[in-house]
Amino acid sequence: MQRRCRDKMFLEVASNFKCNISNSSTNIAKETNCSVTFATYCVCELPLSAVAVVAVSWKEKKSECEISSHMEMEEDKRERGQERKMGKSLQSHGQMGHTQMNKEDDNKKKMDEELVHLRREIGLLPAVSFIMGTVVGSGIFIAPKGVLMNSGSVELSLLVWGLCGVLSLFGALCYAELGTTFTKSGGHFTYLLETLGPLPAFLRLWVEFLFIRPAATSLVSLAFGRYVVEPFFAPCAAPTMLIKLVSILGVTFLVAVNCWSVRMASHIQVSLTFIKMFALVLIIIPGIIALVKGKTENFQNGFEFESLTLDRLPLAIYNGLYAYSGWFYLNFVTEEVKNPNRNIPLAIILSMVTVTVLYVLVNVAYYTMLAPTELLLSDAVAVTFATCALQGLDSVIPVLVALSCLGTLNGGIFVSPRMLFVGAREGYWPQIFSTIHIRRHTPLPALLLMYPLMVIMLISGDISQLISLTSFSRWFFIALATLGMLIHRYRFPLHPRPFKVPLVVAVTFTAVSFFIVGLSLYSDLWNTGCSCVVTLSGVPVYYMTVYHFCLPLTWRRIFNYCSKQLQILLEVAQQEVKTC
């Protein structure tokens, strides 16, 4: 009788939650105080005989179904014992209550650890490391050539480097306000969704998945492969296919690490960041020493403004901004940052000021030791510099640069899937992207489904085209996000903002960003035009799949079947705890 009563209670609760299958197991478990495994069998309507094999842990219930004669006898004995030992009862009860509270806290902690959700595991040092580790990468080692070529002189190129650093700092401060105002992860997508609406947010997801992340990854990984392979073939040119093969291996390794553990990826990022700082200091010291000794012949010509043309200026700025790109990556993982209201602004300010100073000093060292013609002829500026200035360490620099590129790759691969994860969670991207591995707690589908596009872009991409292709769309949506921040300030002046950037900084950054985007259409019409076309191709996709879901029924069934099979194969589930 008691067993039938329990089974009837389970079936009643299961039927109440049939409307929401994804959460019914957890709800039934909470309602009936049973294990989630048992409740899952009830939801799936398995026969009760199949449920009997499951080990179910029951707590005592105050209902008629759960009271037996044996329990009544034990209760009477306990009461008589308490009467005989009344003097010790208060102390005993206090200890029992304390023990019971500890057990409940332990059970709650254990349950929280077993739930599927993203953990807050990024403190201040990992946050600074993620920004500096993604900013300082291949850019400082390959972009000086593009900045010098498009600016026309050494002094103007140094000015471009400084201005790009200030502009990146302004943008980072704007994103610090956005990150503390809107506490969800997702970066650009979240801020566009909250301030300008769903269409711009969806288009940012569209271009991120199709070409921004694959192109950015290909760009850095090709630099990684070049610095790994070229020392073995010097002074001859390294085989292109071998460079791409090594690049693919680097990307594959980092995707595997990020699928395996958030903590491992974080530790790798911190370690590689310190290696990057060592590499930059190793370049700066001999250059500054030579400059102090009077080696200034490459700085004699001054600012040659006649060599600067309007069509080349945006390209020089784009190359400089590419070297600074990555300052917004921490906003992609806001839900995984400890104390985000403090750590996000502090990490952004510390990292960007440090990077700007280091970049200017590195370029001063380059121009001190290398003539402009030597720098323009070099595809690996750091290697050329090491050959000239660090004769005993010329074999070490390529290794340090390769590890620096690896750190940038790791940062980008870590944060970018989080934007697709949040987009899917909000209903603007396929739901399979919003699932998390049930044991590793990583966004496994988002990582794995981006990997093929990265490899395809890596095999077919060219560095100069990749920079122009990604820079236009990336900076266009950054400008839209900061414009949305200004609009949100005007519309909701009382909305809490733990960190608020000065208005002049936000307006200046937004205006300069739109100006650079407009000039790029004039200076490189083909690549920016292709970027525009791919971006706008997401508009009909948005109206067909999000605004009005009008896909044929057969397509929907195929898509749902594939999503279900992937979820089973990858062992992933929806997030069970709200982390924002």
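Residues numbered from 1 in each chain as written. Predicted model: local features only at pLDDT ≥ 70, side-chain atom pairs only at ≥ 80, totals over all residues. Heavy atoms only, no water.

S.K.: Quick question: what am I supposed to make of the overall build of the chain here?
M.R.: The number of helices and strands found in the chain is 24 helices and two strands. Going through the 580 residues of the chain one by one, you find that 51% of them count as buried. For the chain, restricting intrachain contacts to residue pairs at least 6 apart in sequence, the fraction spanning at least 24 positions comes to 80%. Approximately 27700 Å² of the chain is accessible, and the part contributed by carbon and sulfur atoms is 64%. (Helix = DSSP H or I, 4+ residues; strand = E, 2+ residues; numbered from the N terminus. Buried < 20%, exposed > 50% of the residue type's maximum accessible area, 1.4 Å probe, protein only. Contact = heavy atoms within 4.5 Å. Areas by Shrake-Rupley, 256 points an atom, 1.4 Å probe, with all protein chains shown as cover.)

S.K.: Sorry if this is basic, but what is going on with the nonpolar core here?
M.R.: When a protein is soluble and globular, its nonpolar side chains tend to lie buried together. Core analysis: the largest hydrophobic core is formed by 147 residues, its most contacted members being Phe141, Trp327, Tyr359, Tyr366, Ile397 and Trp429. Top element by residues in this core is helix α11 (residues 198-233). It accounts for 17 residues. (Core = buried A, V, L, I, M, F, W, Y, C linked by side-chain atoms within 4.5 Å.)

S.K.: Hey, could you run me through the side chain of Arg204 in this one?
M.R.: Mapping Arg204 onto the fold places it in helix α11. The buried category is assigned to Arg204, whose relative accessible area is 1%.

S.K.: So what exactly am I meant to see when it comes to the pattern of salt bridges here?
M.R.: Once the charged atoms of two side chains with opposite charge are near each other, the side chains can pair. What the rule picks out here adds up to ten salt bridges. Ionic pairing is found between Glu335 and Arg425, a salt bridge with its closest N-O pair at 2.7 Å. Of this pair, Glu335 sits in the loop between α14 (313-324) and α15 (340-369) while Arg425 sits in helix α18 (residues 396-425); the two residues are 90 residues apart in sequence, bridging distant segments of the chain. Exposure remark for Glu335: the relative accessible area of 0% places this residue in the buried category. Measuring nitrogen to oxygen at the nearest pair gives 2.5 Å for the salt bridge that ties Arg439 to Glu571. Linking Arg439 in the loop between β1 (435-437) and α19 (444-460) with Glu571 in the loop between α24 (553-570) and β2 (572-574), this pair joins segments that are 132 residues apart in sequence. You can call Arg439 exposed: its relative accessible area is 52%. Through salt bridges that share partners, Glu177, Arg489 and Arg497 make up one connected network. (Salt bridge = Lys/Arg side-chain N within 4 Å of Asp/Glu carboxyl O.)

S.K.: What am I meant to see in the confidence of the model for the chain here?
M.R.: Interpretation of the predicted coordinates at a detailed level should be avoided for regions scoring low in pLDDT. Scored by pLDDT, the chain has a mean of 76; 75% of the residues are at 70 or more. At the level of individual helices and strands, the chain shows its lowest average pLDDT in helix α4 (residues 48-51), which scores 36, and its highest in helix α10 (residues 188-195), which scores 92. For residues 1-70, every residue scores under 50 in pLDDT, and the model assigns this stretch 66 contacts once sequence neighbours within four places are set aside. Residue range residues 85-112 is modelled with pLDDT below 50. Its contacts to residues more than four positions away, or to other chains, number four contacts. (pLDDT = per-residue confidence, 0-100.)

S.K.: In this structure, what is going on with the packing of aromatic side chains? I would like to understand it.
M.R.: By the definition in use, this model includes 26 aromatic pairs. Relative to Trp475, the ring of Trp327 has its centre 6.2 Å away and its plane inclined at 55°; by these criteria the two rings are tilted. In this pair, Trp327 sits in the loop between α14 and α15 while Trp475 sits in helix α20 (residues 463-491), placing the two residues 148 residues apart along the sequence. Trp327 sits in the buried class, given a relative accessible area of 1%. In this structure Trp475 comes out as buried when scored by relative accessible area, which is 5%. Seen in terms of ring centroids, Tyr329 and Phe332 are 5.7 Å apart; in terms of plane orientation they differ by 80°. Their pairing is edge-to-face. For the pair Tyr329 and Phe332, a shared accessibility class is recorded, and that class is buried. Stacked on the ring of Phe414, the Lys or Arg Arg418 has its end atom at 4.1 Å from the ring centre. (Phe/Tyr/Trp six-rings, centres within 6.5 Å; stacked < 30°, edge-to-face > 60°. Lys NZ or Arg CZ within 6 Å of the ring centre and 35° of its normal.)

S.K.: Would you mind showing me how to read a nonpolar patch on the surface here?
M.R.: Residues Phe232, Phe233, Leu242, Leu245 and Leu249 make up a contiguous nonpolar surface patch of about 510 Å² in total accessible area. Put simply, the parts of the chain that give the nonpolar patch at least two residues each are α11 and α12 (240-260). Among the elements that make up the nonpolar patch, the one with the highest residue count is α12 (three residues). Along the polypeptide, Leu242 turns up in helix α12. By relative accessible area, Leu242 is classed as partly exposed at 32%. (Patch = residues over 30% accessible without salt bridge, like charges linked within 9 Å, V, L, I, M, F, W, Y side chains within 5 Å.)

S.K.: When you look at unusual backbone geometry in this model, what are you seeing that I'm missing?
M.R.: For residues that are not glycine, phi is negative in most cases, and the peptide bond is trans in most cases. Residues other than glycine seldom take positive phi values, yet Asn339 does so here, at roughly 45°. Positive phi outside glycine occurs at Glu571, with the angle close to 60°. Look at Glu571 and you get partly exposed, because its relative accessible area is 34%.

S.K.: Just to check I follow, could you spell out the packing of helix α8 (residues 139-151) against α14 for this structure?
M.R.: Helix-helix packing is characterised by the crossing angle of the two axes and by the distance between the axes. Put simply, α8 and α14 touch, their axes get as near as 8 Å, and they point 165° apart. If you check the angle between α8 and α14, you find them roughly antiparallel. In the packing of α8 onto α14, the handedness of the crossing is left-handed. For the pair α8 and α14, contact is made by Gly139, Ile140, Ile142, Ala143, Gly146, Val147, Asn150 and Ser151 and by Leu315, Ala316, Asn319, Gly320, Tyr322 and Ala323, respectively. (Axes fitted to C-alpha atoms, helices over the stretch in contact; angles between N-to-C directions. Parallel < 35°, antiparallel > 145°, perpendicular 65-115°, else oblique. Left-handed = near helix turned anticlockwise from the far one by under 90°.)

S.K.: Which parts of the structure should I look at to understand the packing of α11 against α18?
M.R.: Interhelical geometry of α11 versus α18 gives an angle of 165° and a closest axis separation of 9 Å. As judged from the angle between their axes, α11 and α18 are roughly antiparallel. Judged by the twist between their axes, the crossing of α11 over α18 is left-handed. Looking at the contact of α11 with α18, its residues break down into 16 nonpolar, six polar and three charged. (Nonpolar A, V, L, I, M, F, W, Y, C, P; charged D, E, K, R; others polar.)

S.K.: Hey, could you run me through the side chain of Arg213 in this one?
M.R.: Note on placement: Arg213 falls in helix α11. Excluding residues that lie within four positions of it along the chain, Arg213 makes contacts with Glu208, Tyr329, Gly412, Ser416, Met450, Met454 and Arg474.

S.K.: How should the environment of Phe328 be read in this particular structure?
M.R.: Inspection of the secondary structure puts Phe328 in the loop between α14 and α15. When its relative accessible area of 2% is taken as the criterion, Phe328 is described as buried. Between the C-alpha atoms of Phe328 and Ala172, which are 156 residues apart in sequence, the distance is 6.3 Å. When near neighbours in sequence (up to four residues on either side) are disregarded, Phe328 contacts Tyr175, His188, Arg474 and Ile478.

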